[in-house]
Amino acid sequence: MKYLSQNTPFPDVSEASPEGLLAVGGDLSVTRLIDAYKKGIFPWFGNEEPILWWSPNPRFVLFTEKLKVSKSMKQVLRNNDYTVTVNKAFEAVISECSKVKRVGQDSTWITNDMIKAYVKLYEMGYAKSVEVWRENDLVAGLYGVDLNNGVFCGESMFTKESNASKAGFITFIKNTNYKLIDCQVYTQHLESLGAEAISRETFLKYLK
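We now turn to the structure provided with this report. Everything quoted here is computed from the prediction, not taken from an experiment.

What counts and how
- Residue positions within a chain follow its written sequence, with the count starting from 1.
- Side-chain atom pairs in this predicted model are given and counted only at pLDDT of 80 or more, local residue features only at pLDDT of at least 70, and totals for whole chains, interfaces and linings cover all residues.
- Here the side-chain values reflect all heavy atoms present in the structure, with hydrogen atoms and water set aside.
- Helix and strand assignments come from DSSP, with helices taken as H or I runs of at least 4 residues and strands as E runs of at least 2, each series counted from the N terminus.
- It is over C-alpha atoms that the radius of gyration is taken, and the globule rule equals 2.2 Å times the number of residues to the power 0.38.
- Buried, partly exposed and exposed residues are distinguished by accessible area as a fraction of the type maximum, computed with a 1.4 Å probe on protein chains only: under 20%, between the cut-offs, and over 50%, respectively.
- For this analysis, residues touch if any pair of their heavy atoms sits within 4.5 Å.
- What sets the accessible areas is the Shrake-Rupley method with a 1.4 Å probe; for residues, cover comes only from the shown protein chains.
- A positive count includes Lys and Arg, and a negative count includes Asp and Glu. His and the chain ends are not counted in either.
- To locate a charge, take NZ of a lysine, CZ of an arginine, CG of an aspartate or CD of a glutamate.
- Just to be clear on terms, a salt bridge is a Lys or Arg side-chain nitrogen sitting within 4 Å of an Asp or Glu carboxyl oxygen.
- The distinction between a cavity and a pocket rests on a 1 Å grid over the protein atoms alone: a 1.4 Å probe fits inside a cavity but cannot get out, while a pocket stays open yet meets protein on both sides within 12 Å along at least five of seven lines, and a residue with an atom within 4 Å of a point counts as lining.
- Grid points are joined across faces, edges and corners, and a volume is the space filled by probe spheres set on the points.
- Amino acid classes used here: Ala, Val, Leu, Ile, Met, Phe, Trp, Tyr, Cys and Pro are nonpolar; Asp, Glu, Lys and Arg are charged; the rest, including Gly, are polar.
- Put simply, buried Ala, Val, Leu, Ile, Met, Phe, Trp, Tyr and Cys residues joined by side-chain atoms within 4.5 Å make one nonpolar core.
- Only when DSSP finds a minimum of two bridges between them are two strands counted as paired.
- Think of each axis as a best-fit line through the C-alpha atoms, taken over the contacting stretch in the case of a helix, with angles from 0 to 180 degrees between the N-to-C directions.
- In this analysis, the expected span of each helix is defined as 1.5 Å times one less than the number of residues it contains.
- Between rings of Phe, Tyr and Trp, where Trp is taken as its six-membered ring, a pair exists when centres lie within 6.5 Å; planes separated by under 30 degrees are stacked, by over 60 edge-to-face, and by other angles tilted.

As for the overall build of the protein chain
Okay, step 1: Along the backbone of the protein chain there are seven helices and 11 strands.
Okay, step 2: On C-alpha atoms alone, the protein chain measures out to a radius of gyration of 17 Å, which is about the 17 Å that the 2.2 N^0.38 rule sets for 208 residues.
Okay, step 3: Counting only C-alpha atoms, the protein chain reaches 50 × 35 × 35 Å along its principal axes.
Okay, step 4: Of all 208 residues assigned to the protein chain, the portion counted as buried reaches 52%.
Okay, step 5: At a minimum sequence separation of 6, the contacts of the protein chain that also span at least 24 residues come to 68%.
Okay, step 6: Accessible surface for the protein chain amounts to roughly 10,800 Å². Of this, 48% is attributable to carbon and sulfur atoms.
Okay, step 7: Here the protein chain carries 25 positive and 24 negative side-chain charges, and the mean point of each set is 6 Å from the other.

Right, dumping it as structure tokens:
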């Protein structure tokens with residue numbers, strides 16, 4: 001594990017620990033974040049921790065052609081209960097994501113500094129949000145990074161209704177041309193939608 005000063009480059013991802021931890025320190029500048037995502041690296045740390053950079057192996061991803069939509073979700077989508085938009089309320093989405101209680105975590109990893117950093121990415125066209133509305137109420141959403149390489153790097157999602165985030169995720173995928181959604185690490189929720197583990201080496205090939 002390498003300690004980064006502001007100008008220290010990332011080490012090769014092969015140097016990551018078995019858990020995927022690659023480096024500590026550095027900063028959350030737009031330049032640093034874009035460089036990280038191009039190399040299959042992402043920040044993930046708690047309020048009282050230094051900046052931690054990760055590149056897990058295996059990597060949890062969703063090939064968009066393998067998206068699974070259950071019969072019940074197909075019915076939800078047919079009912080048109082929700083309106084799904086893109087980039088209409090980025091700051092509201094990331095703020096809601098920061099409030100979600102995560103199993104095994106005492107505090108959010110979406111710190112104020114993280115919010116500021118990703119808002120800058122959004123303002124420069126490198127981040128996207130997906131919003132799910134019931135009438136005028138924001139009931140779910142997700143955000144992530146898009147470097148225009150055919151991969152959407154999902155960061156976090158929230159939901160206030162049981163099927164709303166799935167509706168947003170599925171609609172987003174069906175209306176875009178991504179070849180791969182980077183889910184980073186395993187969750188049962190994303191596995192149910194068709195996500196799977198692949199080697200880090202294979203994942204990196206999709207970033208080129």
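Right, picking up where we left off after that structure.
Concerning the pattern of salt bridges
Okay, step 1: Going through the model one piece at a time under the given rule, you end up with seven salt bridges.
Okay, step 2: Salt bridges linked by common partners bring Glu96, Lys99 and Lys160 together as one network.

Quick look at empty space enclosed by the protein
Okay, step 1: For the structure shown, the criterion picks out one cavity of 30 Å³ or more.
Okay, step 2: Contributing to the lining of the largest cavity are Tyr37, Gly40, Ile41, Phe42, Arg59, Cys153, Asp182, Gln184, Phe203 and Leu207.
Okay, step 3: Partitioned by chemical class, the residues of the lining of the largest cavity number six nonpolar, two polar and two charged.

Some remarks on the side chain of Thr111
Okay, step 1: Position of Thr111 relative to the elements: it lies in the loop between helix H3 (90–98) and helix H4 (112–123).
Okay, step 2: Residue classification places Thr111 among the buried residues on the basis of a relative accessible area of 7%.

Looking at the nonpolar core
Okay, step 1: Leu28, Leu33, Tyr37, Trp53, Tyr118, Leu121 and Tyr143 are the most contacted members of the largest nonpolar core, which has 49 residues in total.
Okay, step 2: At six residues, H4 tops the list of elements feeding residues into this core.
Okay, step 3: Ranked by size, the runner-up nonpolar core spans 26 residues in total, among them Phe60, Ile170, Ile173 and Cys183.

Structural notes on the sheet that holds strand E10 (residues 180–184)
Okay, step 1: Spatially, seven strands are ordered E6-E7-E8-E9-E10-E5-E11 in an open sheet, and the strand pairing comes out mixed. With one partner strand each, in any of the chains shown, strand E6 (83–86) and strand E11 (196–198) form the two edges of the open sheet. For this sheet, the mean inter-axis angle between neighbouring strands, taken without regard to orientation, is 35 degrees.
Okay, step 2: Judged from the three bridges that link them, strand E9 (residues 151–159) and E10 form a sheet pairing that is parallel. Within E10, the residue paired with Val151 across the bridge is Leu180.
Okay, step 3: Running at roughly 160 degrees to E9, helix H5 (residues 164–174) makes contact with strand E5 (59–63), E6, strand E7 (127–134), strand E8 (137–146), E9 and E10 of the sheet.

Notes on H4
Okay, step 1: For H4, built from 12 residues, the straight-helix expectation of 16 Å at 1.5 Å per residue is met to within 8% by its first-to-last C-alpha distance of 17 Å.
Okay, step 2: Of the residues making up H4, those classed as buried are Met114, Ile115, Ala117, Tyr118, Val119 and Leu121.
Okay, step 3: Buried positions along H4 lie against helix H1 (30–38), strand E3 (42–43), H3, E7, E8 and E9.
Okay, step 4: Taken from the residues just after H4, Gly125 is the one with a positive phi, measuring 90 degrees.

Observations concerning the sheet that holds strand E1 (residues 2–4)
Okay, step 1: Taken together, the four strands give an open sheet; going across it, the order is E1-E2-E4-E3, and neighbouring strands pair in mixed fashion. Since the sheet does not close on itself, it has two edges, and those belong to E1 and E3, each with one partner.
Okay, step 2: Sheet topology places strand E2 (residues 21–25) next to strand E4 (residues 52–54); three bridges connect them, and they run antiparallel. Looking at E4, one finds that Leu21 is bridged to Trp54.

So, H5
Okay, step 1: Burial of H5 is extensive: eight of the 11 residues sit out of reach of the surface.
Okay, step 2: Those residues of H5 not exposed but buried are Ala164, Ser165, Ala167, Gly168, Phe169, Ile170, Phe172 and Ile173.

Description of the packing of aromatic side chains
Okay, step 1: Inspection of every chain in the model, using the stated rule, returns 10 aromatic pairs.
Okay, step 2: Arranged with centres 5.2 Å apart and planes meeting at 65 degrees, the rings of Phe60 and Tyr186 form a pair that is edge-to-face. With Phe60 in strand E5 and Tyr186 in the loop between E10 and helix H6 (188–191), the pair connects residues that are 126 residues apart, well separated along the chain.
Okay, step 3: When its relative accessible area of 6% is taken as the criterion, Phe60 is described as buried.
Okay, step 4: Three or more aromatic residues joined by ring pairs form one cluster here, namely Phe90, Tyr118, Tyr122 and Tyr143.

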